[in-house]
Amino acid sequence: DELNRLPGILERALDKYPPWVVQKYLNRVRFVEDLNYDDGDMAGLATPESKSLYLEVADENKSTPNKKVEATFHHKFAHILYAINPFPKEEWMRCAPMDFEYKKELKDKSDLDLWKNGFYSNYSREKMEEDFCEFSELIFEPRKAKLLLEHYPALDRKFAVWLRVYQ
């Protein structure tokens, strides 16, 4: 059953990019079960050097929902784009609150607090690269992205920078 659903997931994800972007920045996508690294479970892995993605599609014999697999595709592909292309770090930082610093040990905030401050998730506050990749994951969920961008100016400012990177 897994093999039957995977081509559709991949096709939906790839259709959201111009063909030249896929040809230039992506060599392969591998679907895997039970992806682990350093004794931790992972949803996916990107290797920018080989332009490859590894996406977990099942864990302990339980299928990962299609929507989650596709979201992981966009997140991990964003890692490749971030690593290969120059990233406008200063411009991106201007979208964050004054004196903000990325770090792992930040206390979790509510979604509303995150969105008001221009972050999609708590994980976004750990590293600039993860912020970009989490934001990419959001943008490829158009209904949710539209709603959040309309209501949270900080996210909308970040979208303007994100869009230039993707263009």
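### Here's the deal with the packing of aromatic side chains
Then step 1. Going through the model one piece at a time under the given rule, you end up with 20 aromatic pairs.
Then step 2. Taking the centre distance of 4.7 Å and the plane angle of 45° together, the rings of Tyr82 and Phe87 count as tilted.
Then step 3. Here Trp92 and Phe132 contribute two aromatic rings whose centre-to-centre distance is 5.8 Å and whose plane-to-plane angle is 75°, an arrangement assigned as edge-to-face. Within this pair, whereas Trp92 is found in helix H4 (residues 89–93), its partner Phe132 is found in helix H6 (residues 128–139), the two being separated by 40 residues in sequence. The burial state of Trp92 is the same as that of Phe132; both residues are buried.
Then step 4. Through pairs of rings, three or more aromatic residues link up here, namely Tyr17, Phe73, Phe77, Tyr82, Phe87, Trp92, Phe132, Phe135, Phe140, Phe159, Trp162 and Tyr166.

### Comments concerning the pattern of salt bridges
Then step 1. Counted by the stated rule, this structure contains 6 salt bridges.
Then step 2. As a salt-bridge pair, Lys158 and Asp131 come within 2.7 Å of each other at their nearest N and O atoms. With Lys158 in helix H8 (residues 153–166) and Asp131 in helix H6, this residue pair connects regions lying 27 residues apart in the sequence.
Then step 3. A relative accessible area of 0% means that Lys158 is categorised as buried.
Then step 4. In this structure, Glu150 and Lys146 form a salt bridge, with 2.4 Å as the shortest nitrogen-oxygen distance. Placement of both Glu150 and Lys146 in helix H7 (residues 142–151) is noted, with a separation of 4 residues, approximately one turn of the helix. Lys146 shares its class with Glu150; the two are exposed.
Then step 5. Three or more residues joined by partner-sharing salt bridges are found here, namely Arg12, Lys16 and Glu70.

### Focus: unusual backbone geometry
Then step 1. Of note, Lys51 is a non-glycine position whose phi angle comes to about 55°, a positive value.
Then step 2. Of note, Lys51 is situated in the loop between strand E4 (44–47) and strand E5 (52–59).
Then step 3. Take Lys51: its relative accessible area is 24%, and that puts it in the partly exposed class.
Then step 4. With a phi close to 50°, Glu60 is a non-glycine residue in the positive phi region.
Then step 5. Along the chain, Glu60 falls in the loop between E5 and strand E6 (62–63).

### Regarding the pairing of E4
Then step 1. Where E4 meets E5, 4 bridges bridge the pair, whose relative direction is antiparallel. The residue bridging Leu45 from the neighbouring strand is Tyr54, located in E5.
Then step 2. Connecting the antiparallel pair E4 and E5 is a turn made up of 4 residues, with Lys51 showing a positive phi of about 55°.

### Focus: the nonpolar core
Then step 1. Counting residues in each nonpolar core, the largest one holds 44 residues, and the members touching the most others are Phe77, Trp92 and Phe132.
Then step 2. Mapped by element, the contributors of at least two residues to this core are helix H1 (2–14), helix H2 (19–25), E5, helix H3 (66–84), helix H5 (111–116), H6, H7 and H8.
Then step 3. Of the residues forming this core, the biggest block, 7 residues, is contributed by H3.

### Some details on the environment of His79
Then step 1. Relative to the helices and strands, His79 is located in helix H3.
Then step 2. Taking the relative accessible area as the measure of exposure, His79 reaches 7% and is therefore buried.
Then step 3. Each C-alpha atom of the pair His79 and Ala43 lies 14 Å from the other, and the pair is 36 residues apart in sequence.
Then step 4. Discounting residues that sit within four places of it in the chain, His79 has contacts with Ala46, Pro48, Glu129, Glu130 and Cys133.
Then step 5. Within the structure, His79 has its side chain in polar contact with the side chain of His75 (distance 3.3 Å).
Then step 6. Looking at His79, its side chain comes within polar contact range of the side chain of Glu130, at 3.3 Å.

Analysis parameters
- Residues numbered from 1 in each chain as written.
- Predicted model: local features only at pLDDT ≥ 70, side-chain atom pairs only at ≥ 80, totals over all residues.
- Heavy atoms only, no water.
- Phe/Tyr/Trp six-rings, centres within 6.5 Å; stacked < 30°, edge-to-face > 60°.
- Helix = DSSP H or I, 4+ residues; strand = E, 2+ residues; numbered from the N terminus.
- Buried < 20%, exposed > 50% of the residue type's maximum accessible area, 1.4 Å probe, protein only.
- Salt bridge = Lys/Arg side-chain N within 4 Å of Asp/Glu carboxyl O.
- Pairing = 2+ DSSP bridges.
- Core = buried A, V, L, I, M, F, W, Y, C linked by side-chain atoms within 4.5 Å.
- Contact = heavy atoms within 4.5 Å.
- Polar contact = N/O pair within 3.5 Å; in protein donor to acceptor, adjacent residues only side chain to side chain.

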